[in-house]
Amino acid sequence: MGTSSFQVGTPVSIDKKPYVIERKIDDSLWQLKETKTGRIAEFTQAQLEQLYVDDTLRFEETRPILNSNASAYFRPA
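Cut-off values and rules
Residues numbered from 1 in each chain as written. Predicted model: local features only at pLDDT ≥ 70, side-chain atom pairs only at ≥ 80, totals over all residues. Heavy atoms only, no water. Core = buried A, V, L, I, M, F, W, Y, C linked by side-chain atoms within 4.5 Å. Buried < 20%, exposed > 50% of the residue type's maximum accessible area, 1.4 Å probe, protein only. Helix = DSSP H or I, 4+ residues; strand = E, 2+ residues; numbered from the N terminus. Contact = heavy atoms within 4.5 Å. Pairing = 2+ DSSP bridges. Axes fitted to C-alpha atoms, helices over the stretch in contact; angles between N-to-C directions. Arc of directions from axis to C-beta.

A look at the nonpolar core
The nonpolar side chains of a soluble globular protein tend to be buried with one another.
Here comes step 1: One finds Phe-6, Val-12, Ile-14, Leu-32, Phe-43, Leu-48 and Leu-57 to be the most contacted residues of the largest nonpolar core, which totals 13 residues.
Here comes step 2: When contributions to this core are tallied by element, the ones reaching two or more residues are β1 (11-14), β2 (17-26), β3 (29-34), β4 (40-44), α1 (45-53) and β5 (57-59).
Here comes step 3: Excluding residues that lie within four positions of it along the chain, Val-12 makes contacts with Lys-17, Pro-18, Tyr-19, Ile-21, Leu-32, Leu-57, Arg-58, Phe-59 and Glu-60.

Shown next as structure tokens:
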């Protein structure tokens, strides 16, 4: 089982639309960018938490990519 948290750069989906957490405005306000359109949406911490509880917000899986030269982690855009 993995763990996730609200952090800048984290890919999520809301109502099956892909977003990336862009910035934390203050202690209770976040901006997310819709990946396909580039539109910015603002959500309070409480709204994001409720969307998660309601299974409307999902953290997208990040997968490690290993190659012969180095190891790196990839976050899908």
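As for the sheet that holds β4
Here comes step 1: If you walk across this open sheet you meet the five strands as β4-β3-β2-β1-β5, and the pairing is antiparallel. Two strands in the sheet have a free side with no partner beyond their single neighbour: β4 and β5. Averaged over all pairs of adjacent strands, the angle between strand axes in this sheet comes to 40°, irrespective of strand direction.
Here comes step 2: Inspection of the sheet shows β1 paired to β2 by four bridges, in the antiparallel sense. The residue bridging Val-12 from the neighbouring strand is Tyr-19, located in β2.
Here comes step 3: Each of β1, β3, β4 and β5 touches α1; the most contacted strand, β4, lies at about 90° to it.

Observations concerning α1
Think of an α-helix as turning once every 3.6 residues; residues three or four places apart then point the same way.
Here comes step 1: Within the sequence span of α1, burial applies to Gln-45, Leu-48 and Leu-51. Burial along α1 is one-sided: seen end-on, the buried residues are contained in an arc of 130°. The exposed set on the far side of α1, more than 90 degrees from its buried face, consists of Ala-46 and Val-53.
Here comes step 2: Elements that come into contact with the buried residues of α1 comprise β1, β3, β4 and β5.
Here comes step 3: Following α1 by one or two positions, Asp-55 adopts a phi angle in the positive range, close to 65°.

Concerning the pairing of β2
Here comes step 1: Linking β1 back to β2 in an antiparallel pair, the connection comprises two residues, with Asp-15 at a positive phi of about 50°.
Here comes step 2: Relative to β3, β2 runs antiparallel, the two sharing six bridges. Bridge pairing in β3 links Val-20 to Lys-33.
Here comes step 3: Counting the residues between successive antiparallel strands, the hairpin from β2 to β3 contains two residues.

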